[in-house]
Amino acid sequence: MEKMIAFGNSKKSDSDSNKDNKSLSDGVINLDQGDPTMFEEYWMKMKDRCTVVIPAWDLMSYFSDTKNVCWFLEPELEKAIKALHGAIGNAATEERYIVVGTGSSQLCQAALFALSSLSEVKPVSIVAAVPYYSTYVEEASYLQSKLYKWEGDARTFDKEGPYIEMVTSPNNPDGTMREPVVNRKEGGKVIHDFAYYWPHYTPITRREDQDLMLFTFSKITGHAGSRIGWALVKDIDVAKKMVQYLTVNSIGVSKESQIRATKILNELTKTCRTQSESFFEYGYEKMNSRWERLREVVDSGDAFTIPNHPQAFCNFFGKTISSAPAFAWLGLKAERDLGSLLKENKVLTRGGDRCGCAKKYVRVSMLSRDDDYDVFLHRLATIKDLKCIEP
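Colleague: Which parts of the structure should I look at to understand a nonpolar patch on the surface?
Modeller: Together, Tyr-62, Phe-63 and Ile-251 line one region of the surface with nonpolar side chains, adding up to about 340 Å² of accessible area. Here Ile-251 lies in the loop between α7 (236–250) and α8 (255–271).

Colleague: Quick question: what am I supposed to make of the pattern of salt bridges here?
Modeller: Inspection of the entire model under this criterion finds 23 salt bridges. Between Asp-32 and Arg-350 there is a salt bridge, and its shortest N-O distance comes to 2.8 Å. Residue Asp-32 is found in the loop between β1 (29–30) and α2 (40–45), and its partner Arg-350 is found in strand β14 (residues 350–351); the two are separated by 318 residues along the sequence. You can call Asp-32 buried: its relative accessible area is 14%. Here Asp-174 makes a salt bridge to Arg-178, at a shortest N to O gap of 4.0 Å. Here the salt bridges share partners, and the residues they tie into one network are Glu-41, Lys-286, Arg-290 and Asp-370.

Colleague: Would you explain the packing of aromatic side chains in this entry?
Modeller: For any pair of aromatic rings, the description rests on two quantities: the centre-to-centre distance and the angle between the ring planes. Per the stated rule, a full pass over the model turns up 24 aromatic pairs. Geometrically, the ring pair formed by Tyr-196 and Phe-327 is edge-to-face, given 5.8 Å between the ring centres and 80° between the ring planes. Of the two residues, Tyr-196 sits in the loop between β6 (188–193) and β7 (212–216) while Phe-327 sits in strand β12 (residues 327–332), which places them 131 residues apart along the sequence. Note on Tyr-196: relative accessible area 8%, which makes it buried. If you follow Arg-290 out to its NZ or CZ, it ends over the ring of Tyr-373, 4.8 Å from the centre. Here Arg-363 stacks its cationic end above the ring of Phe-327, 3.8 Å away from the centre of that ring.

Colleague: What is the right way to read the sheet that holds β7 from this model?
Modeller: Strand order in the open sheet formed by seven strands is β2-β8-β7-β6-β5-β3-β4, and the pairing between neighbours is mixed. At either margin of the open sheet sits one strand with a lone partner, and together these are β2 (97–101) and β4 (148–153). Averaged over neighbouring strand pairs, the angle between their axes works out to 25° when direction is ignored. Two strands pair when backbone bridges link them, and β2 and strand β8 (residues 229–233) are joined in this way by five bridges, in the antiparallel orientation. Bridge pairing links Tyr-97 to Val-233 in β8. Packing of helix α4 (residues 103–117) onto the sheet brings it into contact with β2, β3 (124–128), β4, β5 (163–168), β6, β7 and β8, and relative to β7 it is tilted by some 165°.

Rules of the game
Residues numbered from 1 in each chain as written. Predicted model: local features only at pLDDT ≥ 70, side-chain atom pairs only at ≥ 80, totals over all residues. Heavy atoms only, no water. Patch = residues over 30% accessible without salt bridge, like charges linked within 9 Å, V, L, I, M, F, W, Y side chains within 5 Å. Areas by Shrake-Rupley, 256 points an atom, 1.4 Å probe, with all protein chains shown as cover. Salt bridge = Lys/Arg side-chain N within 4 Å of Asp/Glu carboxyl O. Helix = DSSP H or I, 4+ residues; strand = E, 2+ residues; numbered from the N terminus. Buried < 20%, exposed > 50% of the residue type's maximum accessible area, 1.4 Å probe, protein only. Phe/Tyr/Trp six-rings, centres within 6.5 Å; stacked < 30°, edge-to-face > 60°. Lys NZ or Arg CZ within 6 Å of the ring centre and 35° of its normal. Pairing = 2+ DSSP bridges. Axes fitted to C-alpha atoms, helices over the stretch in contact; angles between N-to-C directions. Contact = heavy atoms within 4.5 Å.

Written out as structure tokens, the structure reads:
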């Protein structure tokens with residue numbers, strides 16, 4: 001008989017609960033960062049099944065597999081990545097080079113370096129369609145590199161010469177499924193960021209087969225602290241250039257983190273079809289519930305807007321489901337700075353201006369702990385009417 005895992009809330013004493021509720025009701029709620037702490041409960045219930053013990057003499061070398069293009073990639077992690085993508089059906093791994101990085105942020109920078117350094121004309125323009133992931137701007141601008149330059153919105157981009165388009169799908173911050181916008185026949189490269197293309201966030205409608213695809217451990221399982229991401233790369237020259245960047249930048253990636261990621265990814269693959277233990281079943285139910293509660297608050301007033309995410313048939317779940325994105329793209333019907341308004345109510349969010357849009361929009365993380373999310377909904381409900389937000 002399959003072992004059933006209950007995911008109910010852990011019990012606290014009345015005094016503890018009262019202290020927690022008072023503290024949260026008075027404190028600042030930070031929903032700016034996408035810190036995926038909401039999945040802690042699941043992993044606590046799994047207890048020691050994903051525990052890793054590493055002897056002091058193990059994993060001491062820089063090298064993992066000198067015959068591999070990515071020489072610091074642990075062979076078992078490579079197998080685990082391929083197995084999970086195969087089980088979920090969200091990305092092709094055949095005839096590809098897997099490059100592991102310290103999160104997908106480092107891999108994004110490695111990809112920008114690789115594609116631009118291989119271009120005959122420099123600097124290469126970097127673009128993304130608004131609203132875009134705000135960190136793309138920082139990653140493309142921080143080093144003031146002569147290899148590439150941030151050029152802003154892909155929809156209005158008309159500059160001659162080579163370009164790299166960042167395509168995040170589902171998109172961060174608005175959760176929409178994206179395709180490239182700049183469709184020139186020549187001179188363009190695309191980095192496909194699939195950080196959220198997993199069944200607890202969106203229907204898996206097809207097996208992606210792009211030239212360069214980025215994934216991150218943190219947004220799949222919530223283990224952001226392990227700092228593990230990977231790229232699936234078709235072109236060996238691009239893969240080698242990415243590895244060159246990672247070698248200079250950090251001389252590889254922590255083996256301890258790779259070993260932990262391997263253990264957890266293998267557990268996901270083993271249990272993903274077991275309904276009582278499937279992380280993706282648990283994650284989708286939790287995300288969907290949060291979205292239903294948010295829509296109730298928004299629909300009960302006349303102040304806010306959120307996108308409508310269409311349903312689609314999910315190949316993994318075998319049924320039609322709604323999207324439940326990791327972030328809510330919350331807007332105001334009135335022309336006012338929503339980030340400042342929420343900050344007055346002790347809720348921190350990411351302003352729409354950082355994503356190339358107006359300040360009447362904000363990105364709200366849907367990945368916080370339950371208590372924080374509950375307080376956020378309560379505070380949002382107190383300002384849900386237009387008369388509550390008049391200057």
